[in-house]
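Analysis of the macromolecular model
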Amino acid sequence: MPRLSEVIAALEKLWPAERAESWDAVGTVVGDPDQEVTRVLFAVDPVQEIVDEAVKLGAGLLVTHHPLYLRGTTTVAATHFKGRVVHTLIKNDIALHVAHTNADTADPGVSDALAGALDLRVTGPLVPDPTDPEGRRGLGRVCALDPPLTVREFAARAAERLPATAQGIRVAGDPEALLRTVAVSGGSGDSLFDQVRAAGVDAFLTADLRHHPVSEARAHSPLALLDAAHWATEWPWCELAASQLDEISDRHGWDLRVHVSKTVTDPWTAHAASTTSDPLGAPN
């Protein structure tokens, strides 16, 4: 059985901490480097529900995409929900390791997993990492859609292939427009509209799209926009990351048991569709 320090060293090679954004908080949050690890659980969010799942599973390591503490704190008291997470982890000898923006830009990374889930062929990064001489790392991915689909058909594929959420898939644009190229970015992506337009793609699928950026983007060009739930666009990375660790475990003879949480931690729990299609009936 490997020690935690050995497993973390392998993960750091996949997602080096120095490739994270300066504002990010990645790496090991909780854990004894000398403890042995037999089971690993991957999830998007380090919330209590996921930690309880790790306890029930008997995991010695929980790897999440989102940080537990993105900003500094002065307490880990169990009177606060993040403090309870820390207490539960330590009491049950479970380490927590975070790979966030360093996993976003990795090769393969979060957006590769998203493209794979949508059966897209990746042609390159949307925002290339200038430190990568091979031009494969970077934020987001530019993809080909083979064969082409209409916006309506591609939205239906995304709704079918991505984990189900209350939000589903929102669309801005002509539902019958034909798509041959698509940019994708797991997580919040409306800061990338300049790069998306520069890429010349037909559509952009991401999460957390806001009214004004979308309105302005649609005024600039006929670009179709597809807005999925943040959690749903990042969950496919958990399966990719788990398969990467499985391969490392086999190579080293570690015999790790690697799991992916299927618990939905998207915070939105219900959706009520509008009852009228008449825009004149909308409230002021």
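See the structure shown above.
First, a word on what this report is: a plain description of the structure on this page.

What counts as what
- Residues numbered from 1 in each chain as written.
- Predicted model: local features only at pLDDT ≥ 70, side-chain atom pairs only at ≥ 80, totals over all residues.
- Heavy atoms only, no water.
- Disulfide = S-S within 2.5 Å.
- Helix = DSSP H or I, 4+ residues; strand = E, 2+ residues; numbered from the N terminus.
- Buried < 20%, exposed > 50% of the residue type's maximum accessible area, 1.4 Å probe, protein only.
- Contact = heavy atoms within 4.5 Å.
- Phe/Tyr/Trp six-rings, centres within 6.5 Å; stacked < 30°, edge-to-face > 60°.
- Salt bridge = Lys/Arg side-chain N within 4 Å of Asp/Glu carboxyl O.

**Things to note about the state of the cysteines**
- Following the criterion strictly, the structure yields zero disulfides and no others.
- Free of any disulfide, Cys 143 has its nearest cysteine sulfur in Cys 238, 19 Å distant.

**Overview of the environment of Phe 81**
- As for its position among the elements, Phe 81 is in helix H3 (residues 81–91).
- For the pair Phe 81 and Leu 179, spaced 98 residues apart in sequence, the C-alpha separation works out to 44 Å.

**As for the side chain of Ser 249**
- Along the chain, the position of Ser 249 falls in helix H9 (residues 230–252).
- Judged by relative accessible area, Ser 249 falls into the buried class, the value being 1%.
- Sequence-distant contacts of Ser 249, defined by excluding residues within four places in its chain, comprise Trp 254, Asp 255 and Leu 256.

**Points about helix H5 (residues 110–117)**
- Within H5, six of the eight residues are buried, leaving the element largely enclosed by the surrounding structure.
- Those residues of H5 not exposed but buried are Val 110, Ser 111, Asp 112, Ala 113, Leu 114 and Ala 115.

**Here we look at the packing of aromatic side chains**
- The final tally for this structure, using the stated rule, is three aromatic pairs.
- Ring centres of Phe 193 and Phe 204 lie 6.0 Å apart, and the angle between their planes is 80 degrees; on these two criteria the pair is classed as edge-to-face. Here Phe 204 lies in strand E9 (residues 203–207) and Phe 193 lies in helix H7 (residues 193–199), a separation of eleven residues in the sequence. This pair shows no difference in class: Phe 193 is buried, exactly as Phe 204 is.
- Through pairs of rings, three or more aromatic residues link up here, namely Trp 15, Phe 42 and Trp 237.

**Digging into the environment of Val 86**
- Checked against the element boundaries, Val 86 lands in helix H3.
- Sequence separation between Val 86 and Val 30 is 56 residues, and the spatial gap between their C-alpha atoms is 7.4 Å.
- Setting aside its immediate chain neighbours within four residues, Val 86 contacts Val 30, Leu 68, Tyr 69 and Val 76.

**Concerning the pattern of salt bridges**
- A complete count under the given rule lists eleven salt bridges for this structure.
- Of the charged contacts in the structure, one is a salt bridge between Arg 136 and Asp 107, with a shortest N-O distance of 2.8 Å. Highlighted residues: Arg 136 in the loop between strand E5 (121–128) and strand E6 (138–150) and Asp 107 in the loop between helix H4 (101–104) and H5, separated in sequence by 29 residues.
- Between Arg 152 and Glu 176 there is a salt bridge, with the nearest N and O atoms lying 2.6 Å from each other. Remark: Glu 176 occurs in the loop between strand E7 (170–172) and strand E8 (178–188) and Arg 152 occurs in helix H6 (residues 151–161); sequence separation between them is 24 residues.
- Accessibility expressed as a relative area gives 47% for Glu 176, which makes it partly exposed.
- By sharing partners, the salt bridges in this structure join Asp 129, Asp 132 and Arg 137 into a single network.

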